[in-house]
Structures are given as C-alpha cells and as structure tokens.
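Examining the three-dimensional arrangement
Spelled out from the first residue to the last, the chains are:
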Amino acid sequence: MKTLIYADYETDLNKYKNLNSDVMVYDETGIINTDFEKTDSLDMFSNVDAVIFTQNCIINGEYDTSKLKEACIKIQNCVLDEVLLIFDTKVPPRTVLKMSKVIDEYGLIPDIKLAYTTEINDNLRIIAGKNDSCLQKAVNLYETLSNEIKTVKHIQTAEFIPILQNAYKDALVALANETAILSEALTIDLTEAIDVANTGEGINLLYPQPILKNEISRDSEEINKLANEYGEPSQLSETIRNTNNYVAYHMAYMAEKELYLKEHLAMFETTVAILGITEDEELISEKDNASLTLIDDFVSRDVEVWAHDDKVPEEIIEEHGAKKITLEEAYEADCIIVMLDNEEYRQLNPERIEKVIITALPIFDQNKFENVKYSCVGHYRLKEGEML
C-alpha cells in the first residue's frame, strides 16, 4: 500500500513512521523537514492508494478550514475514485463533506472514497469512513499507530466527538462555578460538599475553576455557532459560557471585598498580582481567557495590575495594561490572586503574604494559611459565631 501525506509545516510527521504503508510526503514549497521521501508532483495523487490531509484547522484558537480548503482545491484535477482520502485533523462537523465537494466540484468521481480520523488522547484514535470499505482501509492503515482505535458509523459523528468532550468539561465547570458563588452566600464549604457528593454512583463533579484552556472554551462556543448556523436553540451552551466567563468578575469582587473589609483599602489604592494566565503550553487565544478578563476589569478601574506566567509574552500582558513580574515580586502586591494550580504556586510562602491572597482553586492547606487573610472560590471558612 502506498500513502501520500499532504502535510503543512506544522504537521508532526514523526507520528506517521509506523503507518502501515509506504509513505511519501507532498511538499510543493520544500519547507517541510522529514525523513520520508518527498515529492512536488501533483501526478502522485492519482498514483497512491491513500492521501492523508493533515492541515491544521485551528488558527489563533478558532476553527479555520481555509488551509484545508486550499489543499483540496490544489488537487481537484488529480484524484481518482480508487484513492482513499483521509482527513487527519480536528475540524467542525460536516467539514469532510464540504471538502469532498471542493475536490469533486462537478461530481465527476462516481464513488469518492472518504475517511476521517483524529486522536482523542495519546492512546486512543477515532476513525469513520464513508462506507465499510473506506472504514476498514483506514483502520488497517492506522492500526499500527494507536494503542486503541474506536470506529463510529458516520464521519460527521467522529468530527463532533472532541467538541462534545470539551463542551462536557465546560458544563461541569460551569455547575461548580455557579454553585461556588451561591455557596459563599450560604457559608457552605463547596469543596467538601463536592468530595462527599462524588461518592455517589455516576457523579463526577469538578471543583470551581476559571477556564484557562483554549480547547474547552473554543469547542463549547463552537456548539453555539453550530446551533446558530442550523437554526437550533443553544440556551444551555450560552449559559455555560456566560457562567464560566463571569468567574473573572466574581474574583475581582472577592478581591475588592477582602481588601476593603480586612485592609480598609479601596481598589484604586492597591496593587494586585495575578498568577497564571493559561493552562496551554502557550497562550493560544486571548478570547474568553478568565485571567486576561480579570486583568482588563482591574485596569479599567485604575488598579495597578501585575501578572506572572512564563508562557505568556510580556508584550501581551502590557497590551492589557498590566506589568509582567517574577514570582518573587508577587509577594510585594497588596493582593495575590492565584488562577492556576501548579507546583510553583503551591509553594507560595504564607509568611511572606503582605495582605490578602485569593485562589481560584482549593490548592492550599488551610492550616498553613490559618494566619493569612486567605480565601478561595467556593471554599468558605466558617468563623466563630457564624451559622453552622
């Protein structure tokens, strides 16, 4: 079996080394670095058994299939009906169908062969085909690459699965965030309530937290876009997004309350250090990022804001009106707000906290912070004389 990979420069071609096929890479520009044999001949598209498209369809944190469409336009006159076209990239539902119509614009291929695949995690891949023959051929090709393969009946179903997974995570977090805000009014320790509630069968509640991972907010919002595109309601998804975006404003309110009640300071008199901007390896998108929203809110009220996250360039932080700092400098702030759960933030020294520290997640041992003006979203600390 011969396979041609139509890659772009972002494709990690190393993962195809164990593909169950002889592999060649199409590289018209000569910029792709690979040990595979390369070709710039369009004739090769009709001389192989399968073509794999790997164009990145997530640009600046949003779905964008323009690169994939350009690739499909490029080979419009090259593909024969014997060639299996495999789309190996994360895309919105019905993208493969749209791309097949780009390739076969005039319906000249009697039975265009299509398959779709993407990795769900490091160990699992999903595959779907236009028919049983296409599906089996794709499975045979990829069976040496993944520990486990799951197949589904329809291509558009496979395309939707990663979106559904991330939207589910967004929904669970939204429930936690909504109840966290309520729990503070009711003087409830929500984290303790969640721990016990999770002992119930089929319950897997998450702790309250800001959404700082792009794929979660992106895919949850994608459901809203799809619903609007097809004229269907999406009230739940809209509420989920609004709830999780509101967390930033709630944390701003917590900071204002803590500083005023405990230090008698108005916000414009203070310096706030925000620790953690993104969970991703780099900041993929500024849209719907809770930490950047929090920075924007403080800056709009003339608060001096410092920010720490080694993964985020200084110019982006400065564009939002904040100052990038080292973790050591954070101790000088009037209020420290910890937005991420990572080891360096867990090692903050409570004895060096000047005034107030707030966390978005329950990452600290309360006993160690007993003498510190510390609060956490949804983790209310009962005081003597309060309701039990």
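Counting starts from 1 at the beginning of each chain's written sequence and moves along it residue by residue. This being a predicted model, a pLDDT of at least 70 is required before a residue's local features are given, and a value of 80 or more before pairs of side-chain atoms are given or counted; all residues contribute to the totals for chains, interfaces and linings. Note that the side-chain values use all heavy atoms of the structure and ignore hydrogens as well as water.

In this section: the overall build of the protein. Numbering of helices and strands runs from the N terminus, with a helix taken as a DSSP run of H or I at least four residues long and a strand as a DSSP run of E at least two residues long. When helices and strands are counted, the protein shows ten helices and 16 strands. For the protein, the spread of C-alpha atoms along the three principal axes comes to 80 × 45 × 40 Å. The buried label goes to any residue with under 20% of its type's maximum accessible area, the exposed label to any with over 50%, and the partly exposed label to all in between, with areas taken from a 1.4 Å probe on protein chains only. A total of 388 residues make up the protein; the buried ones form 50% of that total. Across the protein, the fraction of contacts at a sequence separation of at least 24, relative to all contacts at a separation of at least 6, is 63%. Only the protein chains shown count as covering a residue, and every accessible area follows the Shrake-Rupley method with a 1.4 Å probe. If you sum the accessible surface of the protein, you get close to 19,400 Å²; carbon and sulfur atoms cover 47% of it. Of the charged side chains in the protein, 36 are positive and 73 negative; the average position of the first set lies 3 Å away from that of the second. What makes two residues a contact is simply this: any of their non-hydrogen atoms within 4.5 Å. For the charge count, each Lys or Arg is scored as positive and each Asp or Glu as negative, with His and the chain ends excluded. Charge positions are represented by NZ for Lys, CZ for Arg, CG for Asp and CD for Glu.

Any two cysteine sulfur atoms lying within 2.5 Å of each other are counted as a disulfide. Taken as a whole and judged by the stated rule, the model has zero disulfides. Residue Cys134 stays outside any disulfide, its sulfur separated by 15 Å from that of Cys72, the closest cysteine. For the unlinked cysteine Cys335, the closest cysteine sulfur is that of Cys376, found at 13 Å. Given the relative accessible area of 0%, Cys335 is considered buried.

Another aspect to go through is the confidence of the model for the protein. pLDDT is a residue-level measure of predictor confidence that goes from 0 to 100. When the pLDDT values of the protein are averaged, the result is 93; 98% of them are 70 or greater. Counted against residues more than four places away or in other chains, residues 384-388, with its pLDDT under 50, gives six contacts.

A cluster of acidic side chains, namely Glu286, Asp296, Glu314, Glu315, Glu318 and Glu319, defines a negative patch on the protein surface. Element by element, the count of residues in the negative patch is highest for helix α9 (residues 314-319), at four residues. The class of Glu318 is partly exposed, set by a relative accessible area of 44%. Only residues whose relative accessible area exceeds 30% and that form no salt bridge enter a patch; like-charged residues are grouped when within 9 Å of one another, and nonpolar side chains (Val, Leu, Ile, Met, Phe, Trp, Tyr) when within 5 Å. We define a salt bridge as a side-chain nitrogen of Lys or Arg found within 4 Å of a carboxyl oxygen belonging to Asp or Glu.

Attention now goes to the packing of helix α4 (residues 155-185) against helix α6 (residues 214-229). Orientation is described by lines fitted to C-alpha atoms, with helices fitted over the stretch in contact, and by angles between N-to-C directions that extend from 0 to 180 degrees. Taken N-terminus to C-terminus, the directions of α4 and α6 make an angle of 110°; their axes are 8 Å apart at the nearest point. When the axes of α4 and α6 are compared, the pair comes out roughly perpendicular. Here Phe160, Pro162, Ile163, Asn166, Ala167, Lys169 and Asp170 of α4 come into contact with α6, specifically with Glu215, Ile216, Asp219, Ser220, Glu222, Ile223 and Leu226. The residue classification treats Ala, Val, Leu, Ile, Met, Phe, Trp, Tyr, Cys and Pro as nonpolar and Asp, Glu, Lys and Arg as charged. All others, Gly included, are polar. Among the residues forming the contact of α4 with α6, the class breakdown is seven nonpolar, two polar and five charged. Reported orientations rely on four angle classes, namely roughly parallel under 35 degrees, roughly antiparallel over 145, roughly perpendicular from 65 to 115, and oblique for the rest.

Relative orientation of the contacting elements helix α1 (residues 66-74) and helix α2 (residues 95-103) amounts to 30°, with a least axis distance of 8 Å. Between α1 and α2, the angle falls in the class roughly parallel. With respect to the hand of their crossing, α1 and α2 are arranged in right-handed fashion. Along the contact surface, α1 presents Leu68, Lys69, Cys72 and Ile73, while α2 presents Thr95, Met99, Val102 and Ile103. The residue inventory of the contact of α1 with α2, partitioned by class, reads six nonpolar, one polar and one charged. In this scheme, a crossing is called left-handed if the near helix is turned counterclockwise away from the far one by less than a right angle; it is called right-handed if the turn is clockwise.

Moving on to the side chain of Thr278. Within the secondary structure, Thr278 sits in the loop between β11 (271-275) and α8 (290-300). Take Thr278: its relative accessible area is 1%, and that puts it in the buried class. Pairing of N or O atoms within 3.5 Å defines a polar contact, subject to two protein rules: one partner must be a possible hydrogen donor and the other a possible acceptor, and residues neighboring in sequence count only if both atoms are side-chain atoms. From its side chain, Thr278 meets the backbone nitrogen of Asp280 in a polar contact 3.0 Å long. With residues up to four places along the chain from it excluded, the contact list for Thr278 reads Leu212, Leu283, Asn289, Asp309, Lys311, Val312 and Leu340.

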